[in-house]
Amino acid sequence: KQEVTQIPAALSVPEGENLVLNCSFTDSAIYNLQWFRQDPGKGLTSLLLIQSSQREQTSGRLNASLDKSSGRSTLYIAASQPGDSATYLCAVPGGAAGNKLTFGGGTRVLVKP
Amino acid sequence: NAGVTQTPKFRILKIGQSMTLQCTQDMNHNYMYWYRQDPGMGLKLIYYSVGAGITDKGEVPNGYNVSRSTTEDFPLRLELAAPSQTSVYFCASSSRAGPTYEQYFGPGTRLTVT
């Protein structure tokens, strides 16, 4: 059974510092890994989807890396801003049908001005 | 496109009451999902559907029922609400079979059972 873990559960950084968010998964036979952002009381916004054949995916200040062999993905956010404060979740699909996602518990990020 | 919409946004239920959480998507997606998120936790799959008329259980289906009579709608039914069902419920959809396709999420329904 796939298990997804995100450590730390919470992170606080001063504005301008780079953010490094970790995601680990137990079954390396994944097709892709998706990173989401969740604002308090809100739904999930997809940030990046990195395919298993890729090692990196970039969008603006966001960069996600994937190392299937070690069961890890890292989300980097460059030059953090107070608006980056949110909870970040990673998820991997699993199961024979339906693309069901298994989620990590999330990392709650606070960027202090 | 509105994407994935959910109603209501908030609801308070008494123990033993019933309700239906509505989910609609206008992207003509075949695959739809219901997740629940407990405080400080990730999301867990309740039920999913691979097309109209086809549903299957996820990780935590007990206490819930679903139906899928149309491509657009995927309602989630709670028959006898219990405090353990206090959670935020998210509906999601994706376009194609296979795990390489992105899921799109609705804004969630925050449910409290007292």
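Everything below is about the structure shown above.
The rules behind each value
- Residues numbered from 1 in each chain as written.
- Chains lettered and ligands numbered in written order.
- Predicted model: local features only at pLDDT ≥ 70, side-chain atom pairs only at ≥ 80, totals over all residues.
- Heavy atoms only, no water.
- Helix = DSSP H or I, 4+ residues; strand = E, 2+ residues; numbered from the N terminus.
- Rg over C-alpha atoms; globule rule 2.2 N^0.38 Å.
- Buried < 20%, exposed > 50% of the residue type's maximum accessible area, 1.4 Å probe, protein only.
- Contact = heavy atoms within 4.5 Å.
- Lys, Arg positive; Asp, Glu negative; His and termini not counted.
- Charge placed at Lys NZ, Arg CZ, Asp CG, Glu CD.
- Areas by Shrake-Rupley, 256 points an atom, 1.4 Å probe, with all protein chains shown as cover.
- Salt bridge = Lys/Arg side-chain N within 4 Å of Asp/Glu carboxyl O.
- Disulfide = S-S within 2.5 Å.
- Pairing = 2+ DSSP bridges.
- Axes fitted to C-alpha atoms, helices over the stretch in contact; angles between N-to-C directions.

Engineer: What should I look at first to understand the overall build of chain B in this one?
Structural biologist: Scanning chain B for helices and strands turns up 0 helices and 11 strands. Counting from the amino terminus, helix and strand elements in chain B follow one another as β-β-β-β-β-β-β-β-β-β-β. For 114 residues, the compact-globule estimate of 2.2 N^0.38 gives 13 Å, and chain B sits close to it at 13 Å. Taken along its principal axes, the extent of the C-alpha atoms in chain B is 40 × 30 × 25 Å. Looking at the 114 residues of chain B, the share that counts as buried comes to 44%. Counting only contacts in chain B whose residues sit at least 6 apart along the sequence, the fraction spanning at least 24 positions is 55%. Treating the 10 positive side-chain charges of chain B as one cloud and the 8 negative ones as another, the clouds have centres 8 Å apart.

Engineer: So what exactly am I meant to see when it comes to the overall build of chain A here?
Structural biologist: Of the regular secondary structure elements, chain A holds 0 helices and 11 strands. Going residue by residue from the N terminus, the α and β elements of chain A occur as β-β-β-β-β-β-β-β-β-β-β. The globule rule puts the C-alpha radius of gyration for 113 residues at 13 Å, and the 14 Å found for chain A is close to it. For the C-alpha atoms alone, the extent of chain A along its principal axes is close to 45 × 30 × 20 Å. In chain A, which comprises 113 residues, the proportion classed as buried is 46%. In chain A, once contacts between residues fewer than 6 apart in sequence are set aside, the share between residues at least 24 apart is 53%. Surface exposure of chain A reaches about 5300 Å², of which carbon and sulfur atoms provide 48%.

Engineer: Would you explain the pattern of salt bridges in this entry?
Structural biologist: It is possible for side chains of opposite charge to pair when their charged atoms get near one another. Under the definition given, this model contains 5 salt bridges over all chains. Note that Arg37 of chain A is salt-bridged to Asp39 of chain A, the shortest N-O span being 2.9 Å. Accessibility expressed as a relative area gives 17% for Arg37 of chain A, which makes it buried. With a closest N to O distance of 2.8 Å, Arg36 of chain B and Asp38 of chain B form a salt bridge. In this structure Arg36 of chain B comes out as buried when scored by relative accessible area, which is 12%.

Engineer: How should I be thinking about the state of the cysteines in this particular structure?
Structural biologist: In protein chemistry, a disulfide is the covalent bond that joins the sulfur atoms of two cysteines. All names here are of chain A. Per the counting criterion, the structure on display carries 2 disulfides over all chains. The partner cysteine of Cys23 in its disulfide is Cys90, sulfur to sulfur 2.0 Å. Taking the sign of the S-S torsion, about 80° here, the bridge from Cys23 to Cys90 comes out right-handed. Of this pair, Cys23 sits in strand β3 (residues 19-25) while Cys90 sits in strand β9 (residues 86-94), placing them 67 residues apart in sequence.

Engineer: Explain the sheet that holds strand β3 (residues 19-25) of chain B to me, please; I cannot follow it from the model alone.
Structural biologist: By definition, the strands of a sheet pair up through backbone hydrogen bonds, in either a parallel or an antiparallel sense. All names here are of chain B. Strand order in the open sheet formed by 4 strands is β1-β3-β8-β7, and the pairing between neighbours is antiparallel. If you trace the sheet from one side to the other, it starts and ends with β1 (4-7) and β7 (64-66), each paired once. Put simply, the sheet's adjacent strands are angled 20° from each other on average, direction ignored. Strand direction decides the pairing type here: β3 and strand β8 (residues 76-78), joined by 3 bridges, are antiparallel. Looking across to β8, one finds that Met19 is bridged to Leu78.

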